[in-house]
Amino acid sequence: MNRTFAAAMSAYAFFFLSGFFINVGGPVSNAAAAAFGTDTAALGFCFSLFMVGRFIGITGNGVLVRKPGLDRNLHLRALAFAPLAAATGLVLATGSLYAFAAWIFLAGIGIGGIYSASNMILVDIFEGTRRAFHISMINFLYSVGAVFSPALSGALLARGFPWYSPYVAFAGALVLWLAATGRTSFKGLFSGHEAESPAAKPGIGPARISPALLLVCAAIVLVIFAEYTVTFWTPIYLREYRGEDALFSGLAVSAFWIAVLAGRFIESMLIARIRPRLYLIATGILAVAALLTLPFQSSRPAIIAAVVASGALCAGLFPALFTFGASMAESLKRTFPTLMMLSAATGSFLAMPAGSLIKKTAGMRGVMFAAPVAVMLTAAIVAFIGQGTQKKSGS
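Residues numbered from 1 in each chain as written. Predicted model: local features only at pLDDT ≥ 70, side-chain atom pairs only at ≥ 80, totals over all residues. Heavy atoms only, no water.

Asker: Go over the overall build of the chain with me, naming the residues and quoting the values.
Answerer: From N to C terminus, the chain includes 15 helices and zero strands. On C-alpha atoms alone, the chain measures out to a radius of gyration of 20 Å, which is about the 21 Å that the 2.2 N^0.38 rule sets for 395 residues. Seen along its three principal axes, the alpha-carbon backbone of the chain occupies a region of about 60 × 45 × 30 Å. By element, 70% of the accessible surface of the chain is carried by carbon and sulfur atoms, the whole surface being about 15500 Å². Separation of charge centres in the chain, based on 27 positive and 12 negative side chains, amounts to 4 Å. (Helix = DSSP H or I, 4+ residues; strand = E, 2+ residues; numbered from the N terminus. Rg over C-alpha atoms; globule rule 2.2 N^0.38 Å. Areas by Shrake-Rupley, 256 points an atom, 1.4 Å probe, with all protein chains shown as cover. Lys, Arg positive; Asp, Glu negative; His and termini not counted. Charge placed at Lys NZ, Arg CZ, Asp CG, Glu CD.)

Asker: Tell me about the packing of helix α8 (residues 211-240) against helix α12 (residues 317-328), and please be specific about residues and values.
Answerer: Taken N-terminus to C-terminus, the directions of α8 and α12 make an angle of 170°; their axes are 10 Å apart at the nearest point. Here α8 lies roughly antiparallel to α12, going by the angle between them. Every residue of α12 that contacts α8 at Ala212, Leu213, Val216, Ala219, Ile220, Val223 and Ile224 is listed here: Leu317, Phe318, Leu321, Phe324, Gly325 and Met328. Here the residues of the contact of α8 with α12 are counted per class, giving 12 nonpolar, one polar and no charged. (Axes fitted to C-alpha atoms, helices over the stretch in contact; angles between N-to-C directions. Parallel < 35°, antiparallel > 145°, perpendicular 65-115°, else oblique. Contact = heavy atoms within 4.5 Å. Nonpolar A, V, L, I, M, F, W, Y, C, P; charged D, E, K, R; others polar.)

Asker: Residues and numbers for the packing of aromatic side chains, please.
Answerer: What the rule picks out here adds up to 21 aromatic pairs. Aromatic side chains Phe21 and Phe50 sit 5.7 Å apart centroid to centroid with 10° between the ring planes, which places their arrangement in the stacked category. Residue Phe21 is located in helix α1 (residues 3-22), and its partner Phe50 is located in helix α3 (residues 40-65); the two are separated by 29 residues in the primary sequence. Taken individually, Phe21 and Phe50 each receive the classification buried, so the pair is uniform in this respect. Seen in terms of ring centroids, Phe21 and Phe170 are 4.9 Å apart; in terms of plane orientation they differ by 70°. Their pairing is edge-to-face. Residue Phe21 is located in helix α1, and its partner Phe170 is located in helix α7 (residues 165-180); the two are separated by 149 residues in the primary sequence. There is no split in this pair, since Phe21 and Phe170 are both buried. Through a chain of ring-to-ring contacts, three or more aromatic side chains come together here, namely Phe16, Phe20, Phe21, Phe36, Phe50, Phe100, Phe148, Trp163, Tyr164, Tyr167 and Phe170. Looking at Arg54, its charged tip hangs above the ring of Tyr115, at a distance of 4.9 Å from the centre. Across from the ring centre of Phe296, 4.8 Å away, lies the NZ or CZ of Arg365, which sits over that ring. (Phe/Tyr/Trp six-rings, centres within 6.5 Å; stacked < 30°, edge-to-face > 60°. Buried < 20%, exposed > 50% of the residue type's maximum accessible area, 1.4 Å probe, protein only. Lys NZ or Arg CZ within 6 Å of the ring centre and 35° of its normal.)

Asker: For the packing of α1 against α7, give the residues involved together with the corresponding values.
Answerer: It is at 11 Å that the axes of α1 and α7 come closest, and there the two elements cross at 175°. With respect to their mutual orientation, α1 and α7 come out roughly antiparallel. Touching Ser10, Ala13, Phe14, Leu17, Phe20 and Phe21 of α1 are Pro166, Tyr167, Ala169, Phe170, Ala173, Leu174 and Trp177, all from α7. Of the residues assigned to the contact of α1 with α7, the class counts are 12 nonpolar, one polar and no charged.

Asker: Give me the lowdown on the confidence of the model for the chain, citing residues and values where you can.
Answerer: For the chain, the average pLDDT comes to 83, and 91% of its residues sit at 70 or higher. No element of the chain has a lower mean pLDDT than helix α2 (residues 25-36), at 79, and none a higher one than helix α11 (residues 300-314), at 94. Across residues 388-395 the pLDDT falls below 50, and counting only partners more than four positions away or on other chains, this stretch makes 25 contacts in the model. (pLDDT = per-residue confidence, 0-100.)

Asker: Explain the nonpolar core residue by residue, including any values.
Answerer: Phe21, Phe100, Ile104, Ile121 and Tyr167 are the most contacted members of the largest nonpolar core, which totals 120 residues. Looking at this core element by element, the count peaks at 15 residues for α8. Excluding anything up to four places from it in sequence, Tyr167 contacts Phe21, Val24, Gly25, Val28, Phe47, Ala87, Leu90 and Ile104. (Core = buried A, V, L, I, M, F, W, Y, C linked by side-chain atoms within 4.5 Å.)

Asker: Requested: an account of the side chain of Arg72, with residues and values cited.
Answerer: Mapped onto the secondary structure, Arg72 falls in helix α4 (residues 72-92). Of the buried charged residues, Arg72 lacks a salt bridge, with Asp71 as the closest side chain of opposite charge at 7.5 Å. Reaching out from Arg72, the side chain makes a polar contact with the backbone oxygen of Leu189 at a distance of 3.1 Å. What Arg72 contacts, discounting residues up to four positions off in sequence, is Leu64, Val65, Lys67, Phe186, Leu189 and Phe190. (Salt bridge = Lys/Arg side-chain N within 4 Å of Asp/Glu carboxyl O. Polar contact = N/O pair within 3.5 Å; in protein donor to acceptor, adjacent residues only side chain to side chain.)

Here you go:
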């Protein structure tokens, strides 16, 4: 198999599997807690370890990518082996909550590693509009995994399979990737050192993160914070404030992810033809409007319509920001993508405690205004830093 094709397909597979694994936890938590003889609060603590591990995995892969002499065959397969080992360990950890916590922490490291590698592969092998398209498509595949795994988990549990059965499916998919790429050589991937690029923006040196790039990272934190705030707090809001049942509250989140799925596919078609800055400002403003309508809806059809509109308009913000940042930092191809991914991990981590703080001070309904404020700040940041970046995506 051609190295470039195999590397691109690996990025696609890794992002799909990242979305798959991250969204298994919620559907299996009740069954897992019952198997361990505990409650879902204890499982929640374990899954917070997953987020810590994910941060470590992203950082670790960022270090490995900057080692030019490292065997890339060993590098990528070691990244895939970590979540495979963790998924296998979860199957064996049926009697111990402590073992579950340890394996889910390792899974976080592994998922962080393959998530990081996916973005780094595309930044390394593609440029310009092709890079923008592929970054959008892997985020589309992440959404496919996010939609698919909860449905699969629910179906397996409903048919009497044990709580860990979705992790068996995940492990099987990784084994298929290992088999498909078994004869592929990834030598030459991530080769060379960071150096000043002729296309680099003025003032951005080979070893310097400029204030503009730090603002891109801040925008990424805000966008992912908004996304996780919607997916985590919306069902809680619908149950506690609107008095909806668990089924409708869960369907609202599914509707959001389906809209994200469609939105990212559309974004992948558009981003190569328009300026990322223009796209971010325009969709950011529209996303703010959609998110602001959600707390004012009371009927079920209106709530679902607001959720779908919010998902579709928020869908392309992160991939467009990633493309926008990568095009501003061509001379930092081994460093800045890792910083952007760490920013995304930070945003996902902050959504839960920040929402809890807002709930205590402004009430449950007040939490629903956190996401539109975050997206509004994102659009303002992009407008501020993008004055000198009026170019086609990635060019």
